[in-house]
Amino acid sequence: MQYAWFFFVLLLAILLIVGWALLRFKLDKPRKDKTLSLLAHTDSIAALPEYKRAEKKYRRLLRLSLILFVVTIGSITALAARPTSVSEEDEDYETRDIMICADVSGSMQGVDEEVFAYMRKVVAGLKGQRIGITLFDGAPIMFSPLTNDYLAIDETLKTMSEKLDTYQSAIWRASSSSSQIGSSAIGCINNFDKLEAENRSRALVLITDNLSGDKISLTQAAEYGMRYNVVFYNVNAYDGNVETLTSKLSAGNSSSRAEYEMYKVGNATGGNYYIVCADNDSGVCTREDDTVSKIVDDIMKQEAVRTKGAPRLVRSDAPQIVAIIALVAFSALIFVIWRVKL
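All of the points below concern the structure found in this document. Just so you know, these numbers come straight off a predicted model, no measurement behind them.

Things to note about the overall build of the protein chain
Within the protein chain, the secondary structure is distributed over twelve helices and eleven strands. For the protein chain, restricting intrachain contacts to residue pairs at least 6 apart in sequence, the fraction spanning at least 24 positions comes to 83%.

This is the structure:
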């Protein structure tokens, strides 16, 4: 048991006791009173057995009242010091790990700024989840590990949407080959922590046009991810007629192999495929206003896994025992004082 205000209340109690003692000493100081008269032969009265028994009883009651007074003052002081108990709790919560995996290759240039601004809206709807950011071209580079610090994630996405050239330059310098989408998707999957150790709910938000020179296909990357319960939510930045493309993909007759593969992979892993307008000035690009909420809803529908968080110390008020002691001691003190005066 700990006391939040122990030293402050203890000092106050000491000052009150010292003040009371000084005042009592001053009041009890013997004074000369000319009206007092001396009694003779009191020794014989004090020698009587009845007197001795009464004196012993009186002294026992005084000692008991002193003890009860100290206990009462001590317990009231402890109660005023706000007794608290400290316990350790393991925080158990439902969570999903979400990795934003964005293609910043040359074919995505001029598109990603708007897509990252778009992803800020998505992240705003994913409160309570851990989110990370990985960018890739020839190789994936993690810019933000999995975290629930939404302010940091939002600030990173904002900077990427406004100053993407800086990030692209860093990625391009680190990449020694052309866009490697399949390999980079696997790299993004490996950026999830504890892949082998824990069976967690994992979502990969893959932003790409799937125009790749990689030997590893997106389908192979999805097969790898499914070993670790990774669900693909594929976001395609498109500058054509969204409704026409959606109809073709649903019918399975899209002329673009890259777009159709993204569509198939999203559905095969239990996720989905989304089209984000990349060029509003084309005249044929139509924007789905509900796409943000659809991505959020689909991810949140994915079954979450209960995860143990770091243990945390919990402080709670615990006045019960001290309050009972104070009440019992004070009641007994009143009774003893009443018996002393009889």
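Thoughts on helix H8 (residues 218-226)
When H8 is considered as a whole, its buried residues turn out to be Leu218, Ala221, Ala222, Tyr224 and Gly225. Down the axis, H8 shows its buried residues gathered within 160° of arc, on one side only.

Some remarks on the nonpolar core
Considering soluble globular proteins, one finds that nonpolar side chains tend to be buried as a cluster. Ranked by size, the top nonpolar core spans 35 residues in total, and within it Leu135, Val205 and Ile207 carry the most contacts. Top element by residues in this core is helix H4 (residues 112-124). It accounts for six residues. Of all hydrophobic cores here, the second largest spans 25 residues; its members include Leu204, Leu206, Tyr224 and Phe232.

Structural notes on the pairing of strand S4 (residues 97-103)
Counting buried residues along S4, seven of its seven residues qualify, which places the element largely inside the surrounding structure. Taking every second residue as pointing to the same face, both faces of S4 are buried, with Asp97, Met99, Cys101 and Asp103 on one and Ile98, Ile100 and Ala102 on the other. Here S4 pairs with strand S5 (residues 130-136) via seven bridges, running parallel. Counted as the bridge partner of aspartate 97 is arginine 130 from S5.

Brief notes about the pairing of strand S6 (residues 140-147)
Sheet topology places S5 next to S6; five bridges connect them, and they run antiparallel. Bridging across to S6, isoleucine 131 finds its partner in threonine 147. Once S5 ends, the chain turns through three residues before running back antiparallel as S6.

Some remarks on the packing of helix H7 (residues 181-190) against H8
Think of two packed helices as two axes; the pair is described by the angle between the axes and how far apart they sit. Contact geometry for H7 and H8: axes closest at 8 Å, N-to-C directions at 20°. Judged on the interaxial angle alone, H8 and H7 are roughly parallel. The element H7 and its partner H8 pack so that their crossing is right-handed. Packed against H7, whose contacting residues are Ile181, Gly182, Ala185, Ile186, Ile189 and Asn190, the element H8 presents Leu218, Ala221, Tyr224 and Gly225 at the interface.

Observations concerning the environment of isoleucine 17
Residue position: isoleucine 17 is located in helix H1 (residues 6-28). Each C-alpha atom of the pair isoleucine 17 and isoleucine 73 lies 9.4 Å from the other, and the pair is 56 residues apart in sequence.

Looking at the packing of aromatic side chains
Each aromatic ring pair is specified by the distance between its two centres and by the angle formed by the two planes. Tallying each qualifying case throughout the model produces four aromatic pairs. Between tyrosine 224 and tyrosine 228 the ring centres are 5.5 Å apart and the planes differ by 70°, which places this aromatic pair in the edge-to-face class. Judged by its relative accessible area of 16%, tyrosine 224 is buried. With relative accessibility at 11%, the residue tyrosine 228 sits in the buried group.

Observations regarding the side chain of threonine 269
Tracing the backbone through its elements, the reader meets threonine 269 in the loop between helix H10 (257-268) and strand S9 (272-277). A residue is classified by how much of its surface remains accessible, and threonine 269, at 11% relative accessible area, is buried. When sequence neighbours within four positions are dropped, the list of residues in contact with threonine 269 reads Ala222, Met226, Val230, Val231 and Phe232.

Points about the pattern of salt bridges
Throughout the structure, instances matching the rule amount to five salt bridges. For arginine 200, the salt bridge goes to aspartate 97, with nearest N and O atoms at 3.4 Å. Residue arginine 200 is found in the loop between H7 and strand S7 (202-207), and its partner aspartate 97 is found in strand S4; the two are separated by 103 residues along the sequence. In this structure aspartate 97 comes out as buried when scored by relative accessible area, which is 0%. A salt bridge links aspartate 154 to arginine 120; its shortest N-O distance comes to 3.0 Å. Within this pair, whereas aspartate 154 is found in helix H5 (residues 150-162), its partner arginine 120 is found in helix H4, the two being separated by 34 residues in sequence.

Thoughts on a nonpolar patch on the surface
Together, Ile67, Val71, Ile321 and Ile325 line one region of the surface with nonpolar side chains, adding up to about 350 Å² of accessible area. If you list the elements that add at least two residues to the nonpolar patch, you get helix H3 (49-80) and helix H12 (320-341). Since its relative accessible area comes to 55%, isoleucine 321 is described here as exposed.

Criteria and cut-off values
Residues numbered from 1 in each chain as written. Predicted model: local features only at pLDDT ≥ 70, side-chain atom pairs only at ≥ 80, totals over all residues. Heavy atoms only, no water. Helix = DSSP H or I, 4+ residues; strand = E, 2+ residues; numbered from the N terminus. Contact = heavy atoms within 4.5 Å. Buried < 20%, exposed > 50% of the residue type's maximum accessible area, 1.4 Å probe, protein only. Arc of directions from axis to C-beta. Core = buried A, V, L, I, M, F, W, Y, C linked by side-chain atoms within 4.5 Å. Pairing = 2+ DSSP bridges. Axes fitted to C-alpha atoms, helices over the stretch in contact; angles between N-to-C directions. Parallel < 35°, antiparallel > 145°, perpendicular 65-115°, else oblique. Left-handed = near helix turned anticlockwise from the far one by under 90°. Phe/Tyr/Trp six-rings, centres within 6.5 Å; stacked < 30°, edge-to-face > 60°. Salt bridge = Lys/Arg side-chain N within 4 Å of Asp/Glu carboxyl O. Patch = residues over 30% accessible without salt bridge, like charges linked within 9 Å, V, L, I, M, F, W, Y side chains within 5 Å. Areas by Shrake-Rupley, 256 points an atom, 1.4 Å probe, with all protein chains shown as cover.

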